[in-house]
Amino acid sequence: MPPFVRPIAALPLALFASAATAGPPVQSNLQAVALLKAARTEASAKAAVKSVTEACRGKLRHSLRDHPPLLSSAQTMAQAEDAGVRRAALDLDRCFTPAKFVTVVAPRLADPEPQVVAYAAEVAARLADPVVVAPLLEALGKRKAACLAPGLEKPEVEVCVWLTYAPGAALETADAATRAAAADAAVAMFAAPYAKVREVAVETVASARLARHGAAVEALIAKEKAKGFPEANDPALLERFSARRKALARGE
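Since the model is a prediction, treat every value here as computed from it, not as a measurement.

Q: Would you mind going over the pattern of salt bridges in detail, with residue names and values included?
A: For the coordinates displayed, the defined rule picks out 14 salt bridges. Ionic pairing is found between Asp 184 and Arg 212, a salt bridge with its closest N-O pair at 3.4 Å. Remark: Arg 212 occurs in the loop between α11 (195-208) and α12 (214-225) and Asp 184 occurs in helix α10 (residues 176-188); sequence separation between them is 28 residues. Assessed through its relative accessible area of 39%, Asp 184 is described here as partly exposed. Ionic pairing is found between Glu 199 and Arg 240, a salt bridge with its closest N-O pair at 2.8 Å. Of this pair, Glu 199 sits in helix α11 while Arg 240 sits in helix α13 (residues 235-249), placing them 41 residues apart in sequence. Taken together, the shared-partner salt bridges connect Lys 196, Glu 199, Glu 203, Arg 240 and Arg 244 into one network.

Q: If you had to explain the state of the cysteines to someone new, which residues and values would you point to?
A: Taken as a whole and assessed by the stated rule, the structure comprises two disulfides. A sulfur-sulfur separation of 2.0 Å characterises the disulfide bridge that pairs Cys 56 with Cys 95. Across the S-S bond of Cys 56 and Cys 95 the torsion is about 105°, and the bridge reads as right-handed. Here Cys 56 is found in helix α2 (residues 42-57), whereas its partner Cys 95 is found in the loop between α5 (83-89) and α6 (98-108), with 39 residues between them in sequence. As far as burial versus exposure is concerned, Cys 56 and Cys 95 are alike and both buried. For the protein chain, the bonded cysteines pair up as 1-2, 3-4 when numbered in the order they occur along the sequence.

Q: Outline the packing of helix α1 (residues 29-38) against helix α4 (residues 68-77), listing residues and values.
A: The description of two helices packed together rests on the angle between their axes and the distance between the axes. As a packed pair, α1 and α4 sit with axes 9 Å apart at the nearest point and diverge in direction by 10°. Of the possible angle classes, the one that applies to α1 and α4 is roughly parallel. Of the residues in α4, those touching α1 at Ala 32, Val 33, Leu 36 and Lys 37 are Pro 69, Leu 70, Ser 73, Ala 74 and Met 77. Of the residues in the contact of α1 with α4, the class split is seven nonpolar, one polar and one charged.

Q: Go over the packing of α11 against α13, please, and point to the residues and values.
A: Where α11 meets α13, the closest approach of the two axes is 10 Å, and the angle between their N-to-C directions is 20°. Taken together, α11 and α13 sit at an angle that is classed as roughly parallel. When you trace α11 past α13, the crossing you get is left-handed. For the pair α11 and α13, the contacting residues are Arg 198, Glu 199, Val 202, Glu 203, Val 205 and Ala 206 in the first and Leu 237, Arg 240, Phe 241, Arg 244 and Leu 248 in the second.

Q: Before we move on, could you go through the environment of Leu 70 and cite the residues and values that matter?
A: Relative to the helices and strands, Leu 70 is located in helix α4. Take Leu 70: its relative accessible area is 0%, and that puts it in the buried class. The sequence separation of Leu 70 and Ala 32 amounts to 38 residues, and the corresponding C-alpha distance is 7.3 Å. When sequence neighbours within four positions are dropped, the list of residues in contact with Leu 70 reads Ala 32, Val 33, Leu 36, Val 52, Cys 56, Leu 64, Cys 95 and Phe 96.

Q: Please give an account of the environment of Gln 115 that cites residues and values.
A: Within the secondary structure, Gln 115 sits in helix α7 (residues 114-127). Judged by its relative accessible area of 18%, Gln 115 falls in the buried class. Sequence spacing of Gln 115 and Ala 170 is 55 residues, and the spatial spacing of their C-alpha atoms is 21 Å.

Reading the values: rules and limits
Residues numbered from 1 in each chain as written. Predicted model: local features only at pLDDT ≥ 70, side-chain atom pairs only at ≥ 80, totals over all residues. Heavy atoms only, no water. Salt bridge = Lys/Arg side-chain N within 4 Å of Asp/Glu carboxyl O. Helix = DSSP H or I, 4+ residues; strand = E, 2+ residues; numbered from the N terminus. Buried < 20%, exposed > 50% of the residue type's maximum accessible area, 1.4 Å probe, protein only. Disulfide = S-S within 2.5 Å. Axes fitted to C-alpha atoms, helices over the stretch in contact; angles between N-to-C directions. Parallel < 35°, antiparallel > 145°, perpendicular 65-115°, else oblique. Contact = heavy atoms within 4.5 Å. Nonpolar A, V, L, I, M, F, W, Y, C, P; charged D, E, K, R; others polar. Left-handed = near helix turned anticlockwise from the far one by under 90°.

Function cannot be read off these values alone, since they describe shape.
Here it is as structure tokens:
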């Protein structure tokens with residue numbers, strides 16, 4: 001199967017658009033924890049996260065990996081009042097295994113700020129580990145009615161896109177039950193009025209590799225061709241949908 005398709009090149013999140021400037025080089029675990037604890041604004045949080053992430057790639061990568069006080073500080077940052085600080089905490093994934101970092105990501109899937117929710121789902125996709133599937137599906141389930149209704153504002157549509165897309169990015173090593181749950185949730189999104197949501201739903205279904213969903217993809221293609229949606233996917237995408245359906249039929 002072709003590589004999983006990223007749904008959008010980059011989220012245009014104006015709220016988080018400023019570039020981070022790294023703080024002082026981190027020389028110890030204690031300093032890394034202190035930097036995160038001291039972050040109170042979006043700018044300071046970005047700088048702290050950049051410095052700590054560089055340390056997690058460098059000579060402290062073994063000692064900082066899943067370091068409990070660092071994880072605790074990341075969890076606290078992710079609950080900050082400032083949305084920019086909460087979002088910055090999600091970029092600490094380099095420092096943790098997915099099983100630990102899901103404790104930072106999962107609560108943000110219910111964040112009051114849609115841009116934070118969308119970014120949390122993007123980070124979950126980046127983790128590409130089955131451990132993120134359950135919280136993603138829970139979040140998508142809670143937003144299912146909204147995602148299937150017309151009239152959503154763009155930030156909310158992006159939330160639906162990322163919550164539909166991200167489970168598929170984590171299915172490569174998932175068990176059959178997890179793949180089935182992700183595919184079923186994605187098939188439900190075939191009824192969404194938003195073309196991008198349906199596009200990434202097909203990708204998630206394809207990544208689940210369950211032949212029984214081929215008929216649903218075929219029905220979606222027919223409805224797309226019949227102009228059955230307010231926003232249609234273009235013919236090139238429908239060809240890709242058809243390729244995914246054929247791959248499902250082959251068990252790929």
